[in-house]
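Residue strings, one per chain:
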Amino acid sequence: AETVNAVTDRFLEFKPFFAPAWRTLTQWELAEPGDRRMVMPATVLLAAVSLAATWGWWKFAAVLLIGFHALLRPSEVLFATHSHLILPGDLLSALMIAYVRVDVPKTDRVYPKQHGKISEVLVVEFLSAMYDDYPPHQFLNGGSAAQFRNRWNAVFSSLGLPVMEVDSGVTPSALRGSGATWLRH
């Protein structure tokens with residue numbers, strides 16, 4: 001669709017001749033419908049954070065909150081260190097806002113400098129309590145990507161949700177889109 005639109009915009013004089021291209025696109029979309037990732041409601045995130053905290057997985061809970069509220073991709077939050085997290089105390093600010101610097105964003109060719117913003121007061125207070133005295137080069141996650149995924153599977157399976165993409169389950173890549181959907185609402 002984007003290709004047809006781009007060509008139509010470039011060659012407006014040929015617009016009447018694009019009907020066959022649109023028919024082909026419509027037939028293709030009917031035969032091969034696009035998949036969408038599971039959107040996790042905020043209540044499910046809160047249940048997951050609560051369960052992780054109950055199990056003593058505080059860093060995992062924090063990373064869930066950071067990924068969801070800062071709209072980060074899994075790799076952006078899993079490999080973030082404390083030096084990437086800017087808390088109100090770091091800025092000597094009374095405003096309860098936190099930022100997460102993204103050094104190597106997926107879209108770095110277009111936007112080489114990116115960050116996420118967290119303005120949910122309770123989340124910022126929790127992150128401040130967790131990470132204020134944290135060493136700057138310590139990973140926020142505190143474990144490997146495999147450990148994160150194992151904990152993800154354990155928490156969300158315990159909540160009765162599928163955790164595999166093939167089952168239309170909730171996967172770590174759902175954090176960004178789910179946070180964006182929640183923020184939009």
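Our subject is the structure listed above.
Bear in mind that the values here come from a model prediction, so they are computed numbers and not experimental data.

A.B. asks: How should I be thinking about the overall build of the protein chain in this particular structure?
C.D. replies: The helix and strand tally for the protein chain stands at eight helices and three strands. Each helix and strand of the protein chain, ordered N terminal to C terminal, gives the series α-α-α-α-α-β-β-β-α-α-α. Relative to a compact globule of 185 residues, whose C-alpha radius of gyration would be 16 Å, the protein chain shows 20 Å and is clearly more extended. Overall, the C-alpha framework of the protein chain stretches about 65 × 40 × 30 Å when taken along its three principal axes. With 185 residues in all, the protein chain has 35% of them scored as buried. Contacts in the protein chain between residues far apart in sequence, at least 24 positions, make up 61% of those at least 6 positions apart.

A.B. asks: Honestly, the packing of helix α3 (residues 42–54) against helix α7 (residues 145–158) in this entry has me stumped. Any pointers?
C.D. replies: The packing of two helices is summarised by the inter-axis angle and the distance between the axes. At a minimum axis distance of 10 Å, the contact between α3 and α7 shows a crossing angle of 115 degrees. When the axis of α3 is compared with that of α7, the two are roughly perpendicular. For the element pair α3 and α7, the recorded crossing hand is right-handed. For the pair formed by α3 and α7, the contact residues are Val-44, Ala-48, Leu-51 and Ala-52 on the first element and Val-155, Phe-156 and Ser-158 on the second. The residue inventory of the contact of α3 with α7, partitioned by class, reads six nonpolar, one polar and no charged.

A.B. asks: Help me understand a nonpolar patch on the surface in this model?
C.D. replies: Judged by side-chain polarity, Val-7, Phe-11, Phe-14 and Phe-17 come together as a nonpolar surface patch covering roughly 380 Å² of accessible area. You can see Val-7 is positioned in helix α1 (residues 2–10). By relative accessible area, Val-7 is classed as partly exposed at 31%.

A.B. asks: Can you walk me through the packing of aromatic side chains in this structure?
C.D. replies: Scanning the entire structure with this criterion turns up nine aromatic pairs. Ring geometry for Trp-58 against Phe-126: centres 6.3 Å apart, planes inclined by 45 degrees, an arrangement best described as tilted. Linking Trp-58 in helix α4 (residues 58–69) with Phe-126 in helix α6 (residues 121–131), this pair joins segments that are 68 residues apart in sequence. Here Phe-126 falls in the partly exposed class, since its relative accessible area comes to 21%. Aromatic side chains Trp-152 and Phe-156 sit 4.3 Å apart centroid to centroid with 40 degrees between the ring planes, which places their arrangement in the tilted category. Taken together, the residues Trp-152 and Phe-156, both in helix α7 and four residues apart, mark about one turn of the helix. Summarising the burial analysis for this pair, Trp-152 and Phe-156 share the class buried. The structure contains a cluster of three or more aromatic residues connected by ring pairs, namely Trp-55, Trp-57, Phe-60, Phe-148, Trp-152 and Phe-156.

A.B. asks: So what exactly am I meant to see when it comes to the environment of Arg-184 here?
C.D. replies: If you trace the backbone, Arg-184 turns up in helix α8 (residues 174–184). For Arg-184, a relative accessible area of 73% puts it in the exposed group. Through-space distance from the C-alpha of Arg-184 to that of Asp-9 is 30 Å; in sequence the pair is 175 residues apart.

A.B. asks: Explanation requested: α7 in the structure shown.
C.D. replies: Owing to its 3.6 residues per turn, the α-helix aligns residues three or four sequence positions apart on the same side. If you check α7, its first and last C-alpha atoms are 20 Å apart, about what 14 residues at 1.5 Å a residue would give, namely 20 Å. Taken residue by residue, α7 has Phe-148, Trp-152, Val-155 and Phe-156 as its buried positions. Projected down its long axis, α7 carries its buried residues within an arc of 85 degrees, all on one side. Buried residues along α7 sit in contact with α3, α4, α5 (74–78) and α8.

A.B. asks: Sorry, what's going on with the pairing of strand β2 (residues 98–102) here?
C.D. replies: Looking along a regular strand, one sees the side chains alternate between the two faces of the sheet. Here β2 shows a clear split, with Ala-98, Val-100 and Val-102 buried on one side and none of Tyr-99 and Arg-101 buried on the other. By the bridge criterion, two bridges tie strand β1 (residues 85–86) to β2 in an arrangement that is antiparallel. The residue bridging Ile-86 from the neighbouring strand is Tyr-99, located in β2. As defined by bridge partners, β2 adjoins strand β3 (residues 114–118) across five bridges and the pair is classed as antiparallel. Each residue of the ladder has a partner; that of Ala-98, found in β3, is Ile-118.

What counts, and at which threshold
- In every chain, residue numbers begin from 1 and rise along the written sequence.
- Only residues with pLDDT of at least 70 get local features here, since the model is predicted, and only at 80 or more are side-chain atom pairs given and counted; chain-wide, interface and lining totals rely on the full set of residues.
- The side-chain quantities take in all heavy atoms of the structure and omit both hydrogens and water.
- For the purposes of this entry, the term helix denotes a DSSP run of H or I that reaches at least four residues, the term strand denotes a run of E that reaches at least two, and both are numbered from the N terminus.
- Every radius of gyration here is taken over C-alpha atoms, with the globule rule written as 2.2 Å times N^0.38, N being the number of residues.
- Relative accessible area decides the class of each residue, using a 1.4 Å probe on protein chains only: under 20% of the type maximum gives buried, over 50% gives exposed, and in between gives partly exposed.
- Any two residues whose heavy atoms approach within 4.5 Å at even a single point are treated as in contact.
- Lines fitted to C-alpha atoms define the axes here, with helix axes fitted over just the stretch in contact, and angles between the N-to-C directions of these axes take values from 0 to 180 degrees.
- Oblique is the label for any angle not under 35 degrees, not over 145, and not in the 65 to 115 range, which are roughly parallel, roughly antiparallel and roughly perpendicular in turn.
- Each crossing gets its hand from how the near helix is turned against the far one by less than a right angle, where anticlockwise is left-handed and clockwise is right-handed.
- Here the nonpolar group is Ala, Val, Leu, Ile, Met, Phe, Trp, Tyr, Cys and Pro; Asp, Glu, Lys and Arg are the charged ones; every other residue, Gly included, is treated as polar.
- Only residues whose relative accessible area exceeds 30% and that form no salt bridge are eligible for patches; like-charged ones are grouped when within 9 Å, while nonpolar side chains (Val, Leu, Ile, Met, Phe, Trp, Tyr) are grouped when within 5 Å.
- Areas reported as accessible are Shrake-Rupley estimates using a 1.4 Å probe. Residue values count occlusion only from the protein chains shown.
- Each reported salt bridge corresponds to a side-chain nitrogen of Lys or Arg within 4 Å of a carboxyl oxygen of Asp or Glu.
- Pairing of aromatic rings covers Phe, Tyr and Trp, the last through its six-membered ring, and needs centres within 6.5 Å; plane angles under 30 degrees mean stacked, over 60 mean edge-to-face, and all others mean tilted.
- Between the first and last residue of a helix there are one fewer steps than residues, each counted as 1.5 Å, and that sum is the expected span.
- Note: the arc covers the axis-to-C-beta directions of the helix.
- Strands pair, by our definition, only if DSSP identifies at least two bridges between them.

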